[in-house]
Amino acid sequence: MSKLTLVVGMAASGKSHFARELAQTRGLIAYHDFTLIKMTDHRQRAGHEKFPEMVAKLVSGTDCIADEPHLVDPAFFSEFVAFTKEHLVPVGVEIEWIHFEKDVRACATNLVNDWEQRKKGNKARCTALLNQIAVYKPPTGTDLRACYVPSSGRRYKNEEEAKAALIELRDKFPKDDD
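A quick note: this is a predicted structure, and the numbers were derived from the prediction, not measured. (Residues numbered from 1 in each chain as written. Predicted model: local features only at pLDDT ≥ 70, side-chain atom pairs only at ≥ 80, totals over all residues. Heavy atoms only, no water.)

Undergrad: I would appreciate a short explanation of the packing of helix α5 (residues 123-135) against helix α6 (residues 159-172) in the present structure.
TA: Packed helices, taken two at a time, are described by the angle their axes make and the gap between the axes. It is at 9 Å that the axes of α5 and α6 come closest, and there the two elements cross at 150 degrees. Considering their axes alone, α5 and α6 lie roughly antiparallel with respect to each other. Helix-helix and strand crossings are classified by hand; for α5 and α6 the assignment is left-handed. Across from Lys 123, Cys 126, Thr 127, Leu 129, Leu 130 and Ile 133 in α5, the residues of α6 making contact are Glu 159, Lys 163, Leu 166, Ile 167, Leu 169 and Arg 170. Each residue belonging to the contact of α5 with α6 can be placed in one class, and the counts come to seven nonpolar, one polar and four charged. (Axes fitted to C-alpha atoms, helices over the stretch in contact; angles between N-to-C directions. Helix = DSSP H or I, 4+ residues; strand = E, 2+ residues; numbered from the N terminus. Parallel < 35°, antiparallel > 145°, perpendicular 65-115°, else oblique. Left-handed = near helix turned anticlockwise from the far one by under 90°. Contact = heavy atoms within 4.5 Å. Nonpolar A, V, L, I, M, F, W, Y, C, P; charged D, E, K, R; others polar.)

See the structure below:
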C-alpha cells in the first residue's frame, strides 16, 4: 500500500517549499506542480508529463508527495478527487490532503519579494494568484497549514493592499510574458 500526500494552496503560499521538506524527512518522491488535466491553450505544463510516472510509482508501492496550485479551483479539485476514488484508492493508494490557509497578504508578500529580491516570477504567476484569491475556499473542519511568511521584507497591511501590489507587479511584465 502506498500513500499520496497532496499539498494544496495558492501560488506563493509556501506549499512547494513545505512539500520538498516533507519529501526529505519522509523519504517521498516529490512532484512539483503536476497537472491532471492537459491544458488546452498554447501553454503546456511540464508537470503533465510526470503525472503518469507518479501514478505508476504509487501503484507499485512508492509513496509520493505533490503540490498543485490548480487544486484550489473547486472544479479541478472535484475532478481530481473523482480520479483518486476511481483509479488510486481501489489499488490501495491512501490519500492524505494538506491544505494551506488562504492568506492573501502572505502570498502576495512572497510573490512580490520573490520578484524584487531574486527576479523569480512572471505575469502568469501574478495572474494565477489573483484568480486563486477569487476561488479558493479551504475546507472547513480541518487543520490548515499556515502560509510561509518571510521574517524580513515587505508585509502588506490588508488584503486590498496586497491585491493592488499584485496587479501593479503583473502590469509591469510585458504582454507576452506568461
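So, next bit.
Undergrad: Help me understand the pattern of salt bridges, please; the structure alone is not making it clear to me.
TA: For side chains of opposite charge, pairing can occur when their charged atoms come near one another. Scanning the entire structure with this criterion turns up six salt bridges. Glu 96 is paired through a salt bridge with Lys 3; the nearest N and O atoms lie 3.5 Å apart. Of this pair, Glu 96 sits in strand β4 (residues 93-100) while Lys 3 sits in strand β1 (residues 2-8), placing them 93 residues apart in sequence. On the basis of relative accessible area, Lys 3 is assigned to the partly exposed category, the value being 23%. One salt bridge connects Asp 171 with Arg 170, and the closest N-O pair in it is separated by 3.2 Å. Within the structure, one salt-bridge network assembled from shared partners comprises Lys 3, Arg 26 and Glu 96. (Salt bridge = Lys/Arg side-chain N within 4 Å of Asp/Glu carboxyl O. Buried < 20%, exposed > 50% of the residue type's maximum accessible area, 1.4 Å probe, protein only.)

Undergrad: Any chance you could explain the nonpolar core here in plain terms?
TA: Among soluble globular proteins, nonpolar side chains are generally buried collectively. Counting 47 residues, the largest nonpolar core has Leu 4, Met 10, Met 54 and Leu 129 as the members making the most contacts within it. For this core, the leading source of residues is helix α4 (residues 104-118), giving six residues. Leaving out residues up to four positions away in the same chain, Leu 129 has contacts with Met 10, Ala 11, Cys 107, Ala 108, Leu 111 and Leu 166. (Core = buried A, V, L, I, M, F, W, Y, C linked by side-chain atoms within 4.5 Å.)

Undergrad: Would you explain the packing of aromatic side chains in this entry?
TA: Centre distance and the angle of the planes are the two values used to describe a pair of aromatic rings. Scanning the model with the defined rule gives six aromatic pairs in all. Note on Phe 18 and Phe 100: the rings are 5.8 Å apart at their centroids and 75 degrees apart in plane angle, and the pair reads as edge-to-face. Here the residue Phe 18 occupies a position in helix α1 (residues 15-26), and Phe 100 occupies one in strand β4, the gap between them amounting to 82 residues. With respect to class, Phe 18 is no different from Phe 100; both count as buried. When the centroid spacing of 6.1 Å and the interplanar angle of 25 degrees are considered together, the rings of Phe 80 and Phe 83 count as stacked. Of this pair, Phe 80 and Phe 83 both sit in helix α3 (residues 74-88), three residues apart, which is roughly one turn of that helix. You can call Phe 80 buried: its relative accessible area is 0%. Grouped by ring-pair contacts, the aromatic residues Phe 51, Phe 77, Phe 80, Phe 83 and Trp 97 constitute a single cluster. (Phe/Tyr/Trp six-rings, centres within 6.5 Å; stacked < 30°, edge-to-face > 60°.)

Undergrad: I'm lost on the confidence of the model for the chain in this one. Help?
TA: The predicted structure's coordinates, where accompanied by low pLDDT, should not be read in detail. Chain-level statistics for the chain give a pLDDT mean of 85 and a share of 87% at 70 or above. Taken as a whole, residues 37-46 scores under 50 in pLDDT and shows 13 contacts with residues more than four places along the chain or in a different chain. (pLDDT = per-residue confidence, 0-100.)

Undergrad: Got a minute to help me understand the environment of Gly 9 in this structure?
TA: Considering the arrangement of structural elements, one finds Gly 9 in the loop between β1 and α1. Considering only alpha carbons, one finds Gly 9 and Ile 98, 89 residues apart in sequence, at a separation of 8.6 Å. When sequence neighbours within four positions are dropped, the list of residues in contact with Gly 9 reads Lys 15, Pro 69, Val 72, Phe 100 and Tyr 136.

Undergrad: Can you help me understand the side chain of Glu 96 in this one?
TA: Look at Glu 96 and you get buried, because its relative accessible area is 19%. Only 2.9 Å separates the side chain of Glu 96 from the side chain of Arg 26, close enough to count as a polar contact. If sequence neighbours within four positions are ignored, Glu 96 has contacts with Lys 3, Leu 4, Thr 5, Leu 6 and Arg 26. (Polar contact = N/O pair within 3.5 Å; in protein donor to acceptor, adjacent residues only side chain to side chain.)

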